Each structure stands twice: as C-alpha cells, then as structure tokens.
Amino acid sequence: MTHPLLAIRSLRAAYGKIEALKGVDLDINAGEIVALIGANGAGKSTLMMTIFGRPRARAGRIEFDGRDITGVPTHEIARLRIAQSPEGRRIFPRMSVAENLQMGADATDSSEADRASGLERVFALFPRLKERMTQRGGTLSGGEQQMLAIGRALMSRPRLLMLDEPSLGLAPLIARQIFDAIRTLNRQDGLTVLIVEQNANHALKLAHRGYVMVNGLITLSGTGSELLQRPEIRAAYLEGGRRE
Amino acid sequence: MDGRSVSAPPAAQTSRAPGAAFILKKALISAFVALVLFSLMIGVRTEAGPQGQLVYWTRFDDLAVMVAAVFGGSILVELLRRWWGPVDTVRVVPPSVQSALSLARRLVAPVLLVFTFLVPVLFYNERYILDLAILVLTYVMLGWGLNVVVGLAGLLDLGYVAFYAVGAYSYALLATNFGLSFWICLPLAGILAAFWGVLLGFPVLRLRGDYLAIVTLAFGEIIRLVLINWQTLTGGPNGVTGIPRPTLFGIPLTPADDGLAALLGIEFSPTHRIVFLFYIILALALLTNWVTIRLRRLPLGRAWEALREDEVACRALGINTTTTKLTAFATGALFGGLAGAFFATRQGFISPESFTFHESALVLAIVVLGGMGSQLGVALAALAMIGGFELFRGFDQYRMLVFGMAMVLLMIWRPRGLVGHRAPTVFLKHSQAISSDLVKEGHG
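Residues numbered from 1 in each chain as written. Chains lettered and ligands numbered in written order. Predicted model: local features only at pLDDT ≥ 70, side-chain atom pairs only at ≥ 80, totals over all residues.

In the annotation of an unreviewed UniProt entry, chain B is listed under the name ABC transporter permease and assigned to Bradyrhizobium retamae.

In the annotation of an unreviewed UniProt entry, chain A is listed under the name ABC transporter ATP-binding protein and assigned to Bradyrhizobium retamae. What UniProt records for chain A under Function (unreviewed entry) is the sentence "Involved in beta-(1-->2)glucan export. Transmembrane domains (TMD) form a pore in the inner membrane and the ATP-binding domain (NBD) is responsible for energy generation." Per UniProt, the comment on chain A under Sequence similarities (unreviewed entry) is "Belongs to the ABC transporter superfamily." (UniProt positions renumbered as here; feature names shortened; annotations may be inferred.)

Peer 1: Even after reading the chapter, I still don't get the sheet that holds strand β8 (residues 192-197) of chain A, so can you show me in this structure?
Peer 2: Adjacent strands of a sheet form backbone hydrogen bonds with each other and so pair up, either parallel or antiparallel. Residues and elements named next belong to chain A. An order of β6-β7-β8-β3-β9-β10 is seen for the six strands of this open sheet, with the pairing classed as mixed. Both edges of this open sheet fall to β6 (82-85) and β10 (217-223), since each of them pairs with a single strand only. Averaged over all neighbouring strand pairs, the angle between strand axes comes to 15°, with direction disregarded. Sheet topology note: the β6/strand β7 (residues 160-164) ladder contains four bridges and is parallel. Within β7, the position partnered with glutamine 84 by the bridge is methionine 162. Its contacts with the sheet put helix α6 (residues 142-154) on β6 and β7, and the angle it makes with β6 is roughly 170°. (Pairing = 2+ DSSP bridges. Helix = DSSP H or I, 4+ residues; strand = E, 2+ residues; numbered from the N terminus. Axes fitted to C-alpha atoms, helices over the stretch in contact; angles between N-to-C directions. Contact = placed C-beta atoms within 7 Å.)

Peer 1: Please clarify how the domain arrangement of chain B should be interpreted in this entry.
Peer 2: It is common to report an interface's size as the accessible area lost on association of the parts. Assigned domains of chain B: these are domain 1 (2-84), domain 2 (93-119) and domain 3 (123-365 + 386-412). The straight-line distance from the C-alpha centre of domain 1 of chain B to that of domain 3 of chain B is 43 Å. (Domains from an automatic or database assignment.)

Peer 1: Hey, could you run me through the domain arrangement of chain A in this one?
Peer 2: All names here are of chain A. According to the domain assignment, chain A contains domain 1 (1-80 + 166-244) and domain 2 (88-158). Once you take the C-alpha centre of each, domain 1 and domain 2 turn out to be 23 Å apart. Taken residue by residue, the interface counts 13 residues in domain 1 and 10 residues in domain 2. Of all elements in the fold, only α2 (74-79) and α7 (172-189) reach the threshold of two or more residues within the side of domain 1 that touches domain 2. Here the side of domain 1 that touches domain 2 takes six residues from α7, the largest share from any one element. Among the residues forming the side of domain 1 that touches domain 2, the class breakdown is eight nonpolar, four polar and one charged. (Nonpolar A, V, L, I, M, F, W, Y, C, P; charged D, E, K, R; others polar.)

What follows is the structure, given as structure tokens:
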C-alpha cells in the first residue's frame, strides 16, 4: 500500500500548560479532500498550525510524503509546498491584489514562469481577482478577500492546501462559490485539500473523508456521506445542537 | 460665504451651519476659559526681589491680548469649519483640476531633484544655505534609512540614533587611530552599523509595537552611555576631535600645495569643501533611495511590507519572519551608519551629545510626518522639519510652540503624513496609485 501524503500519529501540542492536541491521528491521501469538523476550541486550527510548524508538536510525528516534518521550521515546511489559507483570511490590506498574490509565491523558490502560470491559474479560478488586480486588498469584499487568500496560497503551487474556515463570515451564496472553487481545484488538478470548517454540512458534502474533533482528540472519522448520516453528527453540528 | 449658504438647501443649512449666535457663544466661552487660565499665568508676574522678598507686577495688557486672540481665533476656527463643511463632506474635484494635480504630483520629485543638484550653484556664496542644505540632506538620508525599518517593515524603532552614532564613531576612531581614509571607512562604518542592527534585532524578534519601541529606546541610550563611559576608547564626554576631512581620490581640499585648488590652479576657497560635502551626502542619500526602491520590488522588500501589514499572515505563507526582520534592521542601520560617518567627517568633531534621544525622535517624526513608507514624503518632511525649524528661528522663544502646533495641525489634516498613498510595486499594465483617503486603516 502506498503511504498517505500526510500522516499524523499521536500528535500532541499545547499552549503553555493547556493541551490543545491530545494525541491526534489523521491521514490525508494524495488527491483527497479531507474535512476536519468540530466545535469552537476543539483544536482544529491548532492541528492545522501544528502541521505548519507553529506551535511546535510536543510529541508525536507528522510525515509529509514520507518525510518527517515534525519540528521543521515553518518557512521550510512552506518550501515543501504545503500552503495554508489562515483563519480570518488575513490578506495584506494596504498591498494590491497583485502584490498579495506575489507574496504567496515568495516563500517557495518560484521562477518568473512559475509566477506567471500561477497567476493564470488563480485568475482562471477566480476571474473576479483579475478585475481587481490593482486594487488594494483591503478594499475587496469579504468573499473576494477569501478568494484572494486561497489564490495567494495557490501561488506557491502547493501539493497540500490547508484551508481554515474558508466560509467564515461569508454569505451562503458566496460560501458556495468558494466551495465550488475548491471542488474544481481538486477535480481538475488533483489538488489535495485539508479543510477545517464549522460549516459541517457543506464541508462534509464536499469532502471525500471527514474527521470529527472534540477536545483535542479525533472522535469519529469516515467518508463524508457516512459522517453526514451519523445521528450524533447531525445532532451536534447540523441541527443546532438539538437532541432527538 | 453668504453666496454659499444661499445656494445650499435650507434644510442642510440649518443642520450644518451654526448661526452667528452659536459662534459668538462658543467664542465667549473660550475667551472666558482663557481668561481664567491666563489670569495667573500671564496676568501676574512674580519674581524674587533683591532681599528675597516676593515682587510681583501685573501685565493686564498682555492678558487682554491673549484673551482677545483666543476670542478671535475661536470665531475664525468656527467660520473655517463652516466653510469647510462637516467632517464627512464629499468634495467633488473637477477633472481638470484633478489632472493638473496629478501632473504636479508627478513633477514634484524630478523638479526637487534637479533643484537639489543646483543648490551649490545657485547659493554658492551663501554659506548658511549650503550648510543648511547639507543638514537637510543628512536628515533626508536618515529618514530614508529609518523608513526601511519603520515605514516598510513596520518595526517601531526609537533608538535609530544608535546606528548613526556607531557609524560616526566607527569612522572617527578608525580614522584617528589607524589613519584610514574616509572612503575606506565609509563602507566599514556601514557594515559595523548593520552588524549592530542585527545585534539589536535578535533580542527583539518576538517583540512588537510598544514593547519593541521601549527596547529600541533603551538600546539607543545604552550606546550613548557606553560612548560616554568608555573613556579610553571614545574619549568620553570630550568626544573625538581632529577627524580628517574627506578627500577627492586622495586629493585633499585644503589650501596646501597638494590641495585640489592648487592642482587645478584656482584660488582656494573653503566653499569648495562645503560643496564637495554637499555632493557626497546627496550621493549617499540617493544611494539610500535607490537601494530602497530596488528592494521594494524584490521579494525581500515585499516581505517587509507584508510583515508590517500582518505578521501572522506572513508566517502562514511560510515567510521567514526572522530573516525578514533582521534584514530590515540591518538595512536601516547600514544607512544610519553611512550617514553617521558622513556626519563625523563633516563636523570634524563628535561627542555623545550629538546622539541623544532627541535625534531619534526627530528622524522618527520625519518618517511619520512624511507618510510611512513614502520616499518623497520623507524627503519633503525632512525639508519641512529641518528647514522649517530654521525658518521659525525668527519666532525666538515661541519657535517650539509654533513648530509643535504645525505638527499637530498636520497630523489632524493629513493623518497618514504628507504623502499618504502607497504606490504598488507589481503592475499589470499601468501603474495606479490608490489614494489613502479612499481606504480605511486595517481591514476593508
């Protein structure tokens, strides 16, 4: 059997004395969309950030493409072409859309040709960004900023794209556009995606497989449709916490 | 004024333009407050008499003038406010004026540059203006250097004068102890200052904002105190004297037989050296500007700006924030050091007194006033600050007051500095500057 693109084994991480990850196991195969769902403070974002090297793992092991990346500094992880679109979009408000996108390519050794083809790819996916090329990032709407954040992450030609709450604060219609774009990326380019979401319904419909995280531990995993059928998932994440 | 209010719709007029009674009432209240405040401060003057007794006399005429000034000023401010309209009024500028303005804006930098080149020609016989121009250019260079750290990378540095001092003392000590020439010491001074920039950078890597400001402030003081107390090396408070003047490819600018004047067969004049110094600092300043502009277009410069915008996002993109910060500190310090070496050779004498916090604050004010990150803005601000400071000499004891007031007003009207917009460095087809007025700070 081939090894997964990203393999996480009994990973622990903490902020000071507070343990955020208490032994997480997670696999992402190449070409897959994996959704990580869970309540606020479950450790979803921490898991994503720990994969990216900060905060550092206290124990456990993270392997990317067979290489141990536990404790490798963030900028070197980025060079392995793992990209992240952080929570809250975090675009650079005073820099233009074009500059924001270039920033995404700066962390990896990108040639001019890489940058040009990267831009083409981003603009094909989000034509809106091309229109807004010279505008400041801060003047974009929320949905456009999210497109920019994803586009910026794509500029490093990632092998694994990690998205933290891409639908946060977006109107349902815009959120759907974003999810459609992620699906397109996965189907057309075979991009591997890890998506962290509170919007469990959307995320699980989009994902091939899903993980449910509670209090720093993975409590459930399965294919997206499987998880959507589970009564405990429906109760906890899809029906406003109502118990049947 | 009347014509305006007639053309305005009546409803808007009543809500926007306060009546004469309101203005008068406000002015009267201001005048009363001024009367209470100033009656003791200005109205009565006390002094110790020859036998130590209290002598006092009244100055009611001065008091009356002050109160009248407050009264009149208050009316003036209200009228101005009425004319200017409420804060959020959108003023439509006709396109012809707009295009003229944008043309003027594009011409400012080249015109200023050409004028600067011609300053020694135009003012050859006016030593005072030449000296002032050299001083202004020194601060332009310092401003551009600090601009890398504060304006581009967003790292608030209150101890920039430390690098200026390191550069100055590097040259002074290398030249007086080892007899090295200015042109050899200049890069050495820059490198040493950059080295100290990295030394400062390491401990403050995790600090931001206020905390960073405090540590850099302390760093500036430490350097100054070391200079004062390390008497054997730096001469302590007495400073270093007899710092050699720069030479033109080894030819000194002196009245001696091997001096430049004698070689060219022209009459010696001390102005030659001043003009020479002027072009040295102009070249150094332009070098600073050129390097900064080049760097801004490279990933490194872009990373500096991104770091200013959002450090967390930088890390999420895999930007190495450690090297980004250290290079910003080192680059800024390098230019500070070069300016310091120039300062030493111009003065011929340096002491720790030249490197107090006052200098750091002045350079920082230039950067903030000019508009963080704007090269032209910093140059204009240096001109306004240093030149303006000289201009206000006529105000004598009120100089600082007038100056402070001018700064406060500027910060109210142009909170982003003289040149508030930021020119993008990546272009699609044509460049397009976006006015800061259209963009809110932070998030869109």
